[in-house]
Amino acid sequence: MIGLPANTRVWIVAGHTDMRKGFDGLAAVAQSALAANPFNGHVFVFRGRRGDILKVLWFDGQGLMLLAKRLERGRFVWPQADAGGVVLTPAQLSMLLEGIDWRMPVRTHVPDLAA
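In this text the structure is predicted, and so the values were computed from the model without any measurement.

For the structure on display, the rule yields three salt bridges. For Arg20, the salt bridge goes to Asp18, with nearest N and O atoms at 3.0 Å. Between Asp52 and Arg50 there is a salt bridge, with its nearest N and O atoms 3.4 Å apart. Accessibility expressed as a relative area gives 10% for Asp52, which makes it buried.

Listed below in structure tokens is the structure:
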């Protein structure tokens, strides 16, 4: 993932989005669903109906960037809300893009006591 500036907010747009939309269509969805300016430098994440495709929209100061990712197996973890948005940290965005449950990550190993 590209390094985001420290004050960047990551917005998940709740519900599902038509993944045929491009730059302008997704910017319009961000504007209407979240009442947010898509050109303010924040990141907007959209998920398709089946849940295996994500699109990420980000204005870096010079232009809009659009990243798309499709999982070969599994689905992206998404909030249950049908409208509105959820704010993530950049670390949670990284987990989301890796297919990890960003809501409650679990450590894979707990160290034993050194006896």
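With glycine set apart, most residues show a phi of negative sign, and most peptide bonds adopt trans. For Ala35, which is not glycine, the phi dihedral falls at a positive 55 degrees. When you line up the elements, Ala35 lands in the loop between α1 (23-34) and β2 (43-47). Classification of Ala35 by relative accessible area gives exposed; the value is 72%.

Here the focus is the side chain of Thr17. Following the sequence through the fold, Thr17 ends up in the loop between β1 (10-13) and α1. When neighbours within four sequence positions are excluded, Thr17 is seen to be in contact with Leu26, Phe46, Arg47, Gly48 and Arg49.

A word on the pairing of β1. Both faces of β1 are covered, namely the face carrying Val10 and Ile12 and the face carrying Trp11 and Val13. Once the chain exits β1 it traverses α1 before rejoining the sheet at β2, and the crossover so formed is right-handed.

Further remarks concern the packing of aromatic side chains. According to the stated counting rule, one finds one aromatic pair in the structure shown. Summarising the aromatic geometry, the rings of Phe39 and Phe59 are spaced 5.5 Å apart at their centres and angled 85 degrees between planes, so their arrangement reads as edge-to-face. Of the two residues, Phe39 is situated in the loop between α1 and β2 and Phe59 in strand β3 (residues 53-59); the sequence distance between them amounts to 20 residues.

The five strands are arranged β4-β3-β2-β1-β5 in an open sheet whose pairing can be described as mixed. What marks the edges here is a single partner per strand, and that holds for β4 (64-70) and β5 (85-88). In this sheet, adjacent strand axes meet at a mean angle of 20 degrees when their direction is disregarded. Relative to β3, β2 runs antiparallel, the two sharing five bridges. Within β3, the residue paired with Val45 across the bridge is Val56.

Right, let's get into the environment of Thr8. With respect to the helices and strands, Thr8 occurs in the segment before β1. Taking the C-alpha atoms as reference points, Thr8 and His42, 34 residues apart in sequence, are found 5.2 Å from one another. Setting aside anything within four residues of it in sequence, one finds Thr8 in contact with Gly41, His42 and Val43.

Time to look at the confidence of the model for the protein. With 89% of its residues at a pLDDT of at least 70, the protein reaches an overall mean of 85. Across the protein, element-level confidence peaks in β3 with a mean pLDDT of 94 and bottoms out in β5 with 82.

Analysis parameters
- Residues numbered from 1 in each chain as written.
- Predicted model: local features only at pLDDT ≥ 70, side-chain atom pairs only at ≥ 80, totals over all residues.
- Heavy atoms only, no water.
- Salt bridge = Lys/Arg side-chain N within 4 Å of Asp/Glu carboxyl O.
- Buried < 20%, exposed > 50% of the residue type's maximum accessible area, 1.4 Å probe, protein only.
- Helix = DSSP H or I, 4+ residues; strand = E, 2+ residues; numbered from the N terminus.
- Contact = heavy atoms within 4.5 Å.
- Right-handed = clockwise from strand over helix to strand, strands pointing away.
- Phe/Tyr/Trp six-rings, centres within 6.5 Å; stacked < 30°, edge-to-face > 60°.
- Pairing = 2+ DSSP bridges.
- Axes fitted to C-alpha atoms, helices over the stretch in contact; angles between N-to-C directions.
- pLDDT = per-residue confidence, 0-100.

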